[in-house]
Amino acid sequence: MKGKILITGATGNLGGLVIDALLSKIEANQIAGLVRDTNKAEVLQAKGIDIREGNYDDESSLEKAFSGVEKIYFISGNDLDKRVAQHKNIVAAAEKAGVKHVVYTSFGRKDESENSPIYPVAKGHLAAEDALKNASLDYTILKHNLYMEVIPLFAGENLLESKTLLLPAKDGKTGFMARKDMAVLAAEILTGEGHENKTYEVSAEKAFTFAEIAALISEVSGTEINYVSPNPEEFAETLQGYGVPQPAIDMTVMFAKGIAQGEFDETATTYRDFTGNEPTSLKTFLADTYGK
């Protein structure tokens, strides 16, 4: 590889895990990390990572940061209001900087219309995918399912005390996948060959309902957990009563509606196919999180 592999969002949870996974395969001097604040990148610098400063809102800063980079692992922005423009900036800057290949963290979905309950999330991903497909560079689109790590957020921090998993997801299933597995898969793709202009489903091999998740938590924790799926309005009122911030309520309701609609029930063997390993099981994750 002539140029470097650059990881955007390098100080975030996923970005950090991808860098660690890459370090098990290539030398640190082959890896760059894009950050907004270099003062927060001391740990990465200590590992020998080339730190580049850039902001998704500033295309010129991105073009400078991408200099000498061969591949980019492009982690989607987290500002739903800004990220359509931000994602276009990244692709444009990558083209101008002469980047050869962009691997993008999209997300799995079925309904791409504006009527989809998850369209506020989808539109930024759709814009990024469209920009990549129309750019003069190679791309790989990773359609991530939801992280296993969001389950405790959906369930609430006092789940073992309340003994009720409250979420308006009905009987919808989700192919939750561990974030660390997504990172290992990313490192495999970034250092491998033959992934140009491909789209991969990145999901678990089995999808679960929240009733099944509640049963697994009951098993690993020794505490009987009940799953209740109220209507979204009742759920929102309940969270408001607990003082949960409205943006968090809106996001949770949006994803719950998507789950109920079957947007995230996709399963895949992509992780096993490319790594040769078995992905983290949901039961293992829940045991680590809620186990006795």
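Residues numbered from 1 in each chain as written. Predicted model: local features only at pLDDT ≥ 70, side-chain atom pairs only at ≥ 80, totals over all residues. Heavy atoms only, no water.

Thoughts on the overall build of the chain
Looking only at helices and strands, one finds 13 helices and 9 strands in the chain. Its C-alpha radius of gyration of 20 Å places the chain within 12% of the 19 Å reference for a compact globule of 292 residues. Its C-alpha atoms give the chain principal-axis dimensions of roughly 55 × 35 × 35 Å. When burial is assessed residue by residue, the chain has 51% of its 292 residues classed as buried. Looking at the chain as shown, the accessible area adds up to about 13,500 Å², and 45% of this sits on carbon and sulfur atoms. Charge-centre separation for the chain: the mean point of 30 positive side chains lies 3 Å from the mean point of 43 negative side chains. (Helix = DSSP H or I, 4+ residues; strand = E, 2+ residues; numbered from the N terminus. Rg over C-alpha atoms; globule rule 2.2 N^0.38 Å. Buried < 20%, exposed > 50% of the residue type's maximum accessible area, 1.4 Å probe, protein only. Areas by Shrake-Rupley, 256 points an atom, 1.4 Å probe, with all protein chains shown as cover. Lys, Arg positive; Asp, Glu negative; His and termini not counted. Charge placed at Lys NZ, Arg CZ, Asp CG, Glu CD.)

Some remarks on the side chain of Thr-275
With respect to the helices and strands, the residue Thr-275 is situated in helix α12 (residues 270-275). Engagement of the side chain of Thr-275 in a polar contact is seen with the backbone oxygen of Tyr-271, the distance being 2.7 Å. Within the structure, Thr-275 has its side chain in polar contact with the backbone nitrogen of Asn-277 (distance 3.1 Å). If near-sequence neighbours (up to four positions away) are discounted, Thr-275 is found in contact with Val-184 and Leu-185. (Polar contact = N/O pair within 3.5 Å; in protein donor to acceptor, adjacent residues only side chain to side chain. Contact = heavy atoms within 4.5 Å.)

Some points on helix α8 (residues 179-191)
Between its first and last C-alpha atoms α8 spans 19 Å; for 13 residues at 1.5 Å apiece the expected length is 18 Å, and the two agree. Where α8 is concerned, the buried positions are Arg-179, Asp-181, Met-182, Ala-183, Leu-185, Ala-186, Ala-187, Ile-189 and Leu-190. (Expected span 1.5 Å × (residues − 1).)

Digging into the nonpolar core
Core analysis: the largest hydrophobic core is formed by 55 residues, its most contacted members being Ile-7, Val-18, Leu-22, Phe-66, Ile-72, Tyr-73 and Phe-74. Among the elements that make up this core, the one with the highest residue count is α8 (7 residues). Residue contacts for Tyr-73: discarding those within four places in its chain leaves Leu-6, Ile-7, Thr-8, Leu-14, Val-18, Val-103, Thr-105, Leu-142, His-144, Ala-186 and Leu-190. Listed in part, the 39 residues of the second largest apolar core include Phe-208, Val-253, Phe-255 and Tyr-290. (Core = buried A, V, L, I, M, F, W, Y, C linked by side-chain atoms within 4.5 Å.)

Description of the layout of surface pockets
In this approach the atoms are scanned with a rolling probe the size of a water molecule, which exposes any empty space left behind. By volume, the second largest pocket amounts to about 180 Å³. Lining the second largest pocket are 14 residues; nearest its centre among them are Ala-204, Lys-206, Thr-280, Ser-281 and Leu-282. Across the lining of the second largest pocket, the residue classes break down as 7 nonpolar, 2 polar and 5 charged. (1 Å grid on protein atoms, 1.4 Å probe; cavity = no way out; pocket = protein on both sides within 12 Å on 5 of 7 lines; lining within 4 Å. Points joined across faces, edges and corners; volume = space filled by probe spheres on them. Nonpolar A, V, L, I, M, F, W, Y, C, P; charged D, E, K, R; others polar.)

Re the environment of Phe-264
Relative to the helices and strands, Phe-264 resides in the loop between α11 (246-261) and α12. Taking the relative accessible area as the measure of exposure, Phe-264 reaches 1% and is therefore buried. Apart from residues lying up to four places away in sequence, Phe-264 is in contact with Phe-107, Gly-108, Ile-118, Asn-145, Leu-146, Lys-173, Thr-174, Gly-175, Phe-255, Gly-258 and Ile-259.

Focus on the environment of Glu-188
Considering the arrangement of structural elements, one finds Glu-188 in helix α8. Given a relative accessible area of 27%, Glu-188 falls into the partly exposed group. Distance from Glu-188 to Leu-22, taken between C-alpha atoms, is 8.1 Å for residues 166 residues apart in sequence. If sequence neighbours within four positions are ignored, Glu-188 has contacts with Lys-25, His-195 and Phe-274. One polar contact links Glu-188 to Lys-25, side chain to side chain, over a distance of 3.2 Å.

Quick look at unusual backbone geometry
Residues apart from glycine generally show negative phi values, whereas peptide bonds are mostly found in trans. Phi is positive for Lys-170, close to 50°, though the residue is something other than glycine. Of note, Lys-170 is situated in the loop between β7 (164-166) and α8. Here Lys-170 falls in the exposed class, since its relative accessible area comes to 56%. Positive phi values are uncommon outside glycine, yet Asn-197 reaches one of about 55°. When you line up the elements, Asn-197 lands in the loop between α8 and β8 (198-202). Taking relative accessible area as the criterion, Asn-197 reaches 40% and is therefore assigned partly exposed.

What about empty space enclosed by the protein?
Tallied over the full model, the rule gives 1 cavity of 30 Å³ or more. Size it by volume and the largest cavity reaches roughly 40 Å³. In terms of lining residues, the largest cavity is bounded by Gly-108, Arg-109, Lys-110, Asn-145, Glu-201, Glu-263, Phe-264 and Glu-266.

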